[in-house]
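# Summary of structural features
Letter by letter, the chains look like this.
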Amino acid sequence: MYSCKSLITTENEVAANEKRLSICLRSNGFSFSEITSSGILLTFGEAEGEHSSSMTETMNSLKAFFASISIRPLGYASMQLVVISDASTWVPNELYSAAANRQYLKFVGCDTTSILAAPCKELASTAVFAADDALTTAFKVALPGLSVVNQHLRLTAPAICARSQEHPMLLVHWRETAIDFAAYRDGRYLCGNTIVCSNDNEVLFHTVELIKTYNLDTPGLELLLCGDIDRNRFSLLRPYAPQTTLFTGTHSSYLNPSFKSLHTYRNALIL
């Protein structure tokens, strides 16, 4: 069963078809948000609990959890589940074949049979990534209409691409054992991947290496940080870019002042 660890919500009369529901899968539960089509953050919450190995139990737990917090996950403009995956790759649509998914991941050193794929319209490509197929299927059955993506699809972020017309940008999503990065320049998403890191100094090394490899080292470079960032980690990376900021997702505002206490940069993948 899932229990509510935290919840900030907003009294509103926004119709479901004017909102999107985003969920980020975690090892011990999930986080979720509701945001309007105009970018107003209405709800953020965290569910805590072990994922059941039974698809039926997971589906029932999800339904019971959302009912307990008065969220009826029907009729949304969109619903998305973000899966954090250490193994992924991009395949151009003209070359993509679902039958070759396992082979695509073999090319990046991952040999697994639990694989998902999701299209990215902006890149005319398909993201292929390792994921728990049974668990994500349980979410999709419990929440009809839910699409499943990985973190790199979220980090293609059209809004950041647009900003990169003015100057190069490198987004670093810092996790406990890895960093997810996305590089942008001239209004384009250049690349994105995951690098496993054992300590903070490795993150620093790879960040500087990425800046140099993709020729982002210009007076206008902006480094965007999100995820497991604290003061020490921010200070560690700050000297290596002319401008270093926290990335807080693509929402634009909120109505409930309680959101001031929410570290939005830690949950940028669903905001």
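Look up a bit, the structure's there.
Residues numbered from 1 in each chain as written. Predicted model: local features only at pLDDT ≥ 70, side-chain atom pairs only at ≥ 80, totals over all residues. Heavy atoms only, no water.

Take the pairing of strand S12 (residues 188-196) next. Where strand S11 (residues 178-185) lies against S12, 8 bridges are found, and the strand directions are antiparallel. Its bridge partner lying in S12, Phe-181 is registered against Asn-193. The turn linking S11 back onto S12 is made up of 2 residues, and Asp-186 within it adopts a positive phi angle of 55°. (Pairing = 2+ DSSP bridges. Helix = DSSP H or I, 4+ residues; strand = E, 2+ residues; numbered from the N terminus.)

This part takes up unusual backbone geometry. With the exception of glycine, the majority of residues adopt a negative phi angle, and the majority of peptide bonds are in the trans configuration. Positive phi, close to 60°, is recorded for Ser-70, a residue that is not glycine. Within the secondary structure, Ser-70 sits in the loop between helix H1 (55-68) and strand S5 (78-83). For Ser-70, a relative accessible area of 69% gives the class exposed. Positive phi outside glycine occurs at Asn-215, with the angle close to 55°. Its location among the elements puts Asn-215 in the loop between helix H6 (200-213) and strand S13 (222-227). (Buried < 20%, exposed > 50% of the residue type's maximum accessible area, 1.4 Å probe, protein only.)

Moving on: the pattern of salt bridges. All chains considered together, the criterion is met by 9 salt bridges. Across the salt bridge formed by Glu-46 and Arg-26, the nearest N and O atoms sit 2.8 Å from each other. Linking Glu-46 in strand S4 (residues 40-48) with Arg-26 in strand S2 (residues 19-26), this pair joins segments that are 20 residues apart in sequence. The shortest N-O distance in the salt bridge between Lys-212 and Asp-217 comes to 3.8 Å. Like Asp-217, Lys-212 is exposed. Overlapping salt bridges, with partners in common, bring together Asp-86, Arg-175 and Asp-180 in one network. (Salt bridge = Lys/Arg side-chain N within 4 Å of Asp/Glu carboxyl O.)

Turning to the packing of H1 against helix H3 (residues 133-142), a few remarks are in order. Taken N-terminus to C-terminus, the directions of H1 and H3 make an angle of 45°; their axes are 9 Å apart at the nearest point. The angle between H1 and H3 places the two elements in the oblique class. Classified by chirality, the crossing of H3 by H1 is right-handed. Packed against H1, whose contacting residues are Met-55, Thr-58, Met-59, Leu-62 and Lys-63, the element H3 presents Ala-134, Leu-135, Thr-137, Ala-138, Phe-139, Val-141 and Ala-142 at the interface. Its residues assigned to classes, the contact of H1 with H3 comprises 9 nonpolar, 2 polar and 1 charged. (Axes fitted to C-alpha atoms, helices over the stretch in contact; angles between N-to-C directions. Parallel < 35°, antiparallel > 145°, perpendicular 65-115°, else oblique. Left-handed = near helix turned anticlockwise from the far one by under 90°. Contact = heavy atoms within 4.5 Å. Nonpolar A, V, L, I, M, F, W, Y, C, P; charged D, E, K, R; others polar.)

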